[in-house]
Amino acid sequence: MKNNKFGWIYVWSLMLIMYLPLFLIFLSSFTTSKVLGSWTGFSLDLYKNLLTGAAPANLYSAIWITVALAVGASFLSTVIALVGLVGFWFIPSAQGKFWRSTSDKLLQVPLVTPDILLGVMLFLLFVTANIPRSFTTLMISHVLLTLPFAVLNIRPALQHFDRHIYEAALDLGATPVQAFFRVVLPDLWSGIVSGFILALTISIDDFGVAFFTRGSDGIETLSTFIYADARRGGLTPELRPLFALILVVLLIVLVVREHKLRNTNK
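Keep in mind it's a predicted model, so treat the numbers as computed, not measured.

## Observations regarding the overall build of the protein chain
And then number 1: Scanning the protein chain from terminus to terminus reveals eleven helices and zero strands.
And then number 2: Scanning the protein chain from its N terminus toward the C terminus, one meets helices and strands in the order α-α-α-α-α-α-α-α-α-α-α.
And then number 3: Relative to a compact globule of 266 residues, whose C-alpha radius of gyration would be 18 Å, the protein chain shows 23 Å and is clearly more extended.
And then number 4: With the C-alpha coordinates aligned to their principal axes, the bounding extent of the protein chain is approximately 70 × 65 × 40 Å.
And then number 5: Across the 266 residues that make up the protein chain, the buried fraction comes to 32%.
And then number 6: Look at the contacts in the protein chain between residues 6 or more apart in sequence, and 69% of them connect residues 24 or more apart.
And then number 7: Just so you have it, the protein chain exposes about 16900 Å², and 71% of that area is on carbon and sulfur atoms.

## A few points about the confidence of the model for the protein chain
It should be kept in mind that the predicted coordinates are not to be read in detail where pLDDT is low.
And then number 1: Here the protein chain shows a mean pLDDT of 83. Residues at 70 or above account for 92%.
And then number 2: No element of the protein chain has a lower mean pLDDT than helix H4 (residues 93–112), which averages 69, and none a higher one than helix H9 (residues 208–213), which averages 90.

## Describing unusual backbone geometry
And then number 1: In this structure, Asn-130 takes a positive phi of about 60° despite not being glycine.
And then number 2: Among the structural elements, Asn-130 can be located in the loop between helix H5 (115–128) and helix H6 (135–159).

## A short note on H6
And then number 1: Helix length check: H6 (25 residues) gives 35 Å between terminal C-alpha atoms against 36 Å at 1.5 Å per residue, within 8%.
And then number 2: At Thr-146, H6 is deflected by roughly 35°, the largest bend along its length, and proline Pro-148 occurs up to four residues later in sequence.

## Observations concerning empty space enclosed by the protein
Rolling a probe over the atoms, with the probe sized like a water molecule, indicates the empty space that remains.
And then number 1: For the structure shown, the criterion picks out one cavity of 30 Å³ or more.
And then number 2: There is about 30 Å³ of room inside the largest cavity.
And then number 3: Lining the largest cavity we find Thr-66, Leu-69, His-142, Ser-203, Ile-204, Asp-206, Ala-210, Thr-221 and Ser-223.
And then number 4: Looking at the lining of the largest cavity, the elements that each hand over two or more residues are helix H3 (57–90) and helix H8 (176–205).
And then number 5: Its residues assigned to classes, the lining of the largest cavity comprises three nonpolar, five polar and one charged.

## A short note on the packing of aromatic side chains
And then number 1: Tallied over the entire structure, the rule returns nine aromatic pairs.
And then number 2: For the pair Phe-26 and Phe-30, a centre-to-centre distance of 5.3 Å together with 75° between the ring planes defines the contact as edge-to-face.
And then number 3: The exposure class assigned to Phe-26 is partly exposed, which follows from its relative accessible area of 30%.
And then number 4: You can call Phe-30 buried: its relative accessible area is 17%.
And then number 5: Note on Phe-211 and Tyr-227: the rings are 5.6 Å apart at their centroids and 85° apart in plane angle, and the pair reads as edge-to-face. Taken together, the residues span a long stretch of sequence, with Phe-211 in helix H9 and Tyr-227 in helix H10 (residues 222–231) at a distance of 16 residues.
And then number 6: Since its relative accessible area comes to 34%, Tyr-227 is described here as partly exposed.
And then number 7: Connected via pairs of aromatic rings, a cluster forms that spans Phe-123, Phe-207, Phe-211, Phe-212 and Tyr-227.

## A short note on the environment of Thr-201
And then number 1: Tracing the backbone through its elements, the reader meets Thr-201 in helix H8.
And then number 2: Spatially, the C-alpha atoms of Thr-201 and Ala-70 are 7.8 Å apart, while their sequence positions differ by 131 residues.
And then number 3: For Thr-201, the side chain forms a polar contact with the main-chain oxygen of Ile-197, separated by 2.9 Å.

## Considerations on the packing of H3 against H8
And then number 1: At a closest axis distance of 9 Å, the pairing of H3 and H8 adopts a crossing angle of 140°. On the basis of the axis angle, H3 is oblique to H8. The interaxial crossing formed by H3 with H8 has right-handed handedness. Residues Thr-66, Leu-69, Ala-70, Val-71, Ser-74, Phe-75, Ser-77, Thr-78, Leu-82, Val-86 and Trp-89 of H3 touch H8, and the partners they reach there are Phe-180, Val-184, Leu-185, Leu-188, Ile-192, Gly-195, Phe-196, Ala-199, Leu-200, Ser-203 and Ile-204.
And then number 2: Considering only residue class, the contact of H3 with H8 consists of 16 nonpolar, six polar and no charged.

Parameters and conventions
Residues numbered from 1 in each chain as written. Predicted model: local features only at pLDDT ≥ 70, side-chain atom pairs only at ≥ 80, totals over all residues. Heavy atoms only, no water. Helix = DSSP H or I, 4+ residues; strand = E, 2+ residues; numbered from the N terminus. Rg over C-alpha atoms; globule rule 2.2 N^0.38 Å. Buried < 20%, exposed > 50% of the residue type's maximum accessible area, 1.4 Å probe, protein only. Contact = heavy atoms within 4.5 Å. Areas by Shrake-Rupley, 256 points an atom, 1.4 Å probe, with all protein chains shown as cover. pLDDT = per-residue confidence, 0-100. Expected span 1.5 Å × (residues − 1). Bend = angle between axes of the 7 residues up to and from the residue. 1 Å grid on protein atoms, 1.4 Å probe; cavity = no way out; pocket = protein on both sides within 12 Å on 5 of 7 lines; lining within 4 Å. Points joined across faces, edges and corners; volume = space filled by probe spheres on them. Nonpolar A, V, L, I, M, F, W, Y, C, P; charged D, E, K, R; others polar. Phe/Tyr/Trp six-rings, centres within 6.5 Å; stacked < 30°, edge-to-face > 60°. Polar contact = N/O pair within 3.5 Å; in protein donor to acceptor, adjacent residues only side chain to side chain. Axes fitted to C-alpha atoms, helices over the stretch in contact; angles between N-to-C directions. Parallel < 35°, antiparallel > 145°, perpendicular 65-115°, else oblique. Left-handed = near helix turned anticlockwise from the far one by under 90°.

This is the structure we're talking about:
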């Protein structure tokens, strides 16, 4: 009984440590104080400023660049991962085993490489190749950053796919393209969506790679904007309602997903 009570105290202590900062940011989004943690009265002015365009223009630019970068890089990395894995899947087993083993080892390198190291390496590559750093180099870098994570989610789905179903579709008169889109792709869809979402999260969360590959022509992602904002002596107050809205959206997604899983299990 004592061990059980200690276990609950331990778990709830961890929950408190993890979620208290999120709660404080959410709470501080309802006050106009420029100092985080200082309460000057309940107000929705920060939400009003954020949603009506009254916040600093460079904040909106950073948000749109972050969204465009994350969606574009995640889409490209997911497509590249899918095409590559399906290509390996069609290689005869003797050759395919070698190429699959080689690709698995190569893809593990970016996974264990710190973001800042990857950013520095890409920075040196672009400088050596005399490629001006811009949104294009930022997109290329994020595709390389998120590609292994897309592969990790799609590969298990493809490994569990029964190849005989694809071959049966061919025997029944379907072309290879029709068999892929009507038989193979629907079965891989959950892995594709998971890979895209994980790649999206990694891209939005990135700082090290973006910092070194974005160039100096005014391009800012949300992470580099926050870094520059903090160096100037504080954070833009409208960031607090932005974080609060992101948190609410994530909670809604988690609740909906949990509800669907429970209905599916029933």
